[in-house]
Amino acid sequence: MNSDSRVVTWEDAAEGVLVATIDHRPANALGPPIIDGLTALLDEVERRDVRVVVLTSAIPGFFAAGADIKHMGTVDAESFTAYGDLLRGAVERLAAADAISIAAVEGVALGGGLELAMACTMRVSGADAKYGLPEVKLGLIPGAAGTQRLPRLVGRGRALDIMATARQVPADEAKAIGLVDRLVAAGGARDAAVELAGQLARISRPALAAVIQTVDAAFDLPFDEGKRYEVEQIQGLFEHGEAREGITAFLEKRAPKFA
C-alpha cells in the first residue's frame, strides 16, 4: 500500500486500477487533511497514468459526511473563501482527471461528500447508503458544484426537492432517479466498483474518453452542435484512435490489443 497522507491511502487492485480509501475519523469530514490527501492521490494518478480510480471509505456508516463544519466555525470570511477554494479545487481536479473515477459509496454521502461522489465519473452504491445536500440547515448552499451537478443528474425538480428539504435520499431512490449508476447489496459497493473498474480499464482509452466527453456535451451544447461534435469524435477515433485495432480484432475473432 502506498500513501502520501495519513487519511487517504491507495493500493493497486488490478492492472490500471487504483483503489483509494478515505479514513479520517469520525466521519470523513472534508477538511484540510482529506483535501491534502486527495491532492496527493491525484498527483499519484497522474504520475502513474492510472486508467481507473475507485474512491471508497474505511469508516463504517460514512462515505463522507460533508464539509468540516468545526473548521468552518473557527474561520473568518477570508479563510472561509480559502477553504472553499481548496475543496473546490480538489473536487474539480478529480472531475477533470483523465482517469475514470468511480465512487463506491456505503453509508452516508452528505454535503461535500455527495459533491465529491458526483464529481466521479460513476457511482456504485451499497443498499444502505444515503445521499443529501443539507447545507440549507446551516444557512448555506452547496459550494463545490452541487447545485450544478445534481440537476444534471436528476433534473431540476428532484434536485430542488433534495436541496430545499435537506432530506436524505435512500439508495433505492437514488438509483431510480439517476443519482447513482449501480445499486448492490449493502457492503458490496467496493467489490462491485473494483469489478467495474477492471472492465473499464480493458476498453480503448480514447474511445472511453470520447464517449464521456460527447455525453457530457449533450448537457452544454444545442442538439445540432452536439451531433456535429459526435461526428468529429467518431471520425477522430477512426483516423487516429484505436478503431483500426478494434475492428480488426472483431473480424479476426480475437480480443483487441488496446494500448
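Residues numbered from 1 in each chain as written. Predicted model: local features only at pLDDT ≥ 70, side-chain atom pairs only at ≥ 80, totals over all residues. Heavy atoms only, no water.

Undergrad: How would you sum up the sheet that holds strand β9 (residues 122–126)? Please name residues and give values.
TA: Each strand in a sheet pairs with another by means of backbone hydrogen bonds, the pair being arranged parallel or else antiparallel. In space, the 6 strands of this open sheet follow the order β1-β2-β4-β7-β9-β12, with mixed pairing throughout. A strand with exactly one partner marks an edge of an open sheet, and here the two such strands are β1 (8–14) and β12 (182–184). Going across the sheet, the axis of each strand differs from the next one's by a mean of 20°, ignoring polarity. Pairing of strand β2 (residues 17–22) with strand β4 (residues 52–57), which is carried by 6 bridges, proceeds in the parallel orientation. When the bridges of β4 are listed, Thr21 appears paired with Thr56. (Pairing = 2+ DSSP bridges. Helix = DSSP H or I, 4+ residues; strand = E, 2+ residues; numbered from the N terminus. Axes fitted to C-alpha atoms, helices over the stretch in contact; angles between N-to-C directions.)

Undergrad: Break down the environment of Ala217 for me, citing the residues and quoting the values.
TA: Tracing the backbone through its elements, the reader meets Ala217 in helix α9 (residues 205–217). Given the relative accessible area of 10%, Ala217 is considered buried. Each C-alpha atom of the pair Ala217 and Glu230 lies 9.1 Å from the other, and the pair is 13 residues apart in sequence. (Buried < 20%, exposed > 50% of the residue type's maximum accessible area, 1.4 Å probe, protein only.)

Undergrad: Describe in detail the environment of Phe62, supporting the description with residues and values.
TA: Mapped onto the elements of the fold, Phe62 is located in strand β5 (residues 62–64). Once the C-alpha coordinates of Phe62 and Ala129 are considered, the two residues, 67 residues apart in sequence, prove to be 8.5 Å apart. Once residues within four sequence positions are removed from consideration, Phe62 is found in contact with Pro26, Ala27, Asn28, Ser57, Glu106, Gly107 and Val108. (Contact = heavy atoms within 4.5 Å.)

Undergrad: Describe the pairing of β9, listing the residues and the values that go with them.
TA: With 4 of 5 residues buried, β9 lies mostly within the body of the structure. With 4 bridges joining them, strand β7 (residues 100–105) and β9 adopt parallel strand pairing. In the strand pairing of β9, Ile102 is matched with Met122. Pairing of β9 with β12, which is carried by 3 bridges, proceeds in the parallel orientation. When the bridges of β12 are listed, Val124 appears paired with Arg182.

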